[in-house]
Amino acid sequence: MAGLSVKHLVGIKELSKEDINLIFQTADNFKSVINRPIKKVPSLRDITIANLFFENSTRTRLSFELAEKRLSADIVNFSAASSSLKKGETLIDTVNNILAMKVDMVVMRHPNPGAAKFLSEHVDSRIVNAGDGSHEHPTQALLDSYSIREELGEVKDKKVVIVGDITHSRVALSNIFCLKKLGAEVMVCGPATLIPKYIDELGVKVEYDLRKALEWCDVANMLRVQFERMEVNYFPSIREYTMLYGLDGDFLHSLPNKIVVMHPGPINRGVEITSDVADSDQSIILEQVENGVAIRMAVIYLLAEKIKRES
Ligand code: CP
């Protein structure tokens with residue numbers, strides 16, 4: 001079997017369409033494993049993985065940890081808040097010290113864009129990017145496209161709108177790369193201040209009117225406003241944002257088509273979507289979370305296979 005074309009998962013930009021389809025096929029097998037009474041396989045008994053989280057996370061951290069445990073890997077968890085980074089240790093020194101303990105793979109979330117790529121070029125280990133600042137969040141995009149494929153049969157030719165804070169969102173950029181590689185039509189929609197100037201280079205449609213965007217699409221991915229990455233105000237108030245770019249049940253049911261609603265989490269209920277939308281039968285938010293474990297199992301398994309083949 002031909003494996004992945006990459007040694008690290010730094011971003012979707014570096015993956016081929018064949019890589020993405022291989023990850024999906026592998027995830028199909030693991031999805032059946034995690035729905036069995038015994039949810040574990042012995043595939044990675046000889047692999048040790050360090051999870052390095054320099055930024056807060058609930059879904060991604062737990063999902064990677066569960067994926068690694070389901071594959072029987074040994075794992076160590078590192079949280080920046082309680083580490084010697086506070087004493088001035090550099091990222092490379094921290095990681096090299098962890099690798100000296102014979103770690104094969106590093107899963108890392110970091111606030112700085114490019115941190116995963118930097119690490120992949122400076123330490124001798126496989127790196128999986130679990131989100132680097134406002135740059136990429138590749139496993140989120142993979143699980144999002146996988147969930148669309150599961151819900152609608154395929155991603156090709158589906159119309160997907162990504163709504164909200166496009167400028168600060170690593171989920172948006174990775175989703176754009178992934179959806180376009182799989183042949184979807186992609187639109188972004190949000191306030192002009194939250195649509196980046198380089199958007200034209202990404203080959204997506206841009207719409208500022210949420211009703212027009214939702215009447216066009218098959219799938220709406222409603223993003224959280226990333227207040228923690230904003231140094232200035234990008235819109236007058238949260239209430240105005242919600243009036244113009246929020247989705248509630250009345251709005252959803254007034255649309256001509258029954259669209260699929262997605263959200264990467266964490267949700268600000270009542271800001272980008274209301275509870276009746278988040279919990280409706282058109283929402284696949286919890287399916288996205290479930291699929292995240294199978295996708296992360298597939299990514300780790302395929303990267304570990306490459307280590308075994310090359311050693
Ligand atoms: N979707 C996502 O990355 O969520 P967390 O920040 O909780 O990991």
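Anything mentioned here points back to the structure above.
Predicted model, so just to flag it, every value in this text is computed and none were measured. (Residues numbered from 1 in each chain as written. Predicted model: local features only at pLDDT ≥ 70, side-chain atom pairs only at ≥ 80, totals over all residues. Heavy atoms only, no water.)

Trainee: What am I meant to see in the site of the ligand here?
Mentor: Around the ligand sit Ser57, Thr58, Arg59, Thr60, Arg109, His137, Gln140, Pro264 and Gly265, and those are all the residues in its vicinity. In the model, an oxygen atom of the ligand is placed 2.6 Å from a nitrogen or oxygen of the serine 57 side chain. For the ligand, a nitrogen atom lies 3.1 Å from a polar atom in the side chain of glutamine 140. Protein contact buries 91% of the 250 Å² of open area that the ligand shows by itself. A class-by-class count of the residues in the shell around the ligand yields 1 nonpolar, 6 polar and 2 charged. Of the domains in this structure, domain 1 (12-137 + 289-310) and domain 2 (138-285) are the two that each give at least three residues to the shell around the ligand. (Near = heavy atom within 4 Å. Polar contact = N/O pair within 3.5 Å; in protein donor to acceptor, adjacent residues only side chain to side chain. Areas by Shrake-Rupley, 256 points an atom, 1.4 Å probe, with all protein chains shown as cover. Nonpolar A, V, L, I, M, F, W, Y, C, P; charged D, E, K, R; others polar. Domains from an automatic or database assignment.)

Trainee: Explanation requested: the pattern of salt bridges in the structure shown.
Mentor: Side chains that carry opposite charge are capable of pairing whenever their charged atoms lie near each other. The final tally for this structure, using the stated rule, is 14 salt bridges. Two residues, glutamate 290 and lysine 31, come together in a salt bridge whose shortest N-O distance is 3.9 Å. Linking glutamate 290 in helix α11 (residues 285-310) with lysine 31 in helix α1 (residues 17-34), this pair joins segments that are 259 residues apart in sequence. The exposure class of glutamate 290 is partly exposed, given its relative accessible area of 34%. Residue classification places lysine 31 among the buried residues on the basis of a relative accessible area of 14%. Between glutamate 65 and lysine 69 there is a salt bridge, with the nearest N and O atoms lying 3.1 Å from each other. Separated by 4 residues within a single helix, glutamate 65 and lysine 69 lie in helix α2 (residues 59-70), roughly one turn from each other. (Salt bridge = Lys/Arg side-chain N within 4 Å of Asp/Glu carboxyl O. Helix = DSSP H or I, 4+ residues; strand = E, 2+ residues; numbered from the N terminus. Buried < 20%, exposed > 50% of the residue type's maximum accessible area, 1.4 Å probe, protein only.)

Trainee: Looking at this structure, how should I read the environment of methionine 187?
Mentor: Within the secondary structure, methionine 187 sits in strand β6 (residues 185-189). Considered as a pair, methionine 187 and glycine 11 are 176 residues apart in the sequence and their alpha carbons are 20 Å apart. Beyond its immediate sequence surroundings of up to four residues, methionine 187 is in contact with Val160, Val161, Ile162, Lys205, Glu207, Ala213 and Trp216. (Contact = heavy atoms within 4.5 Å.)

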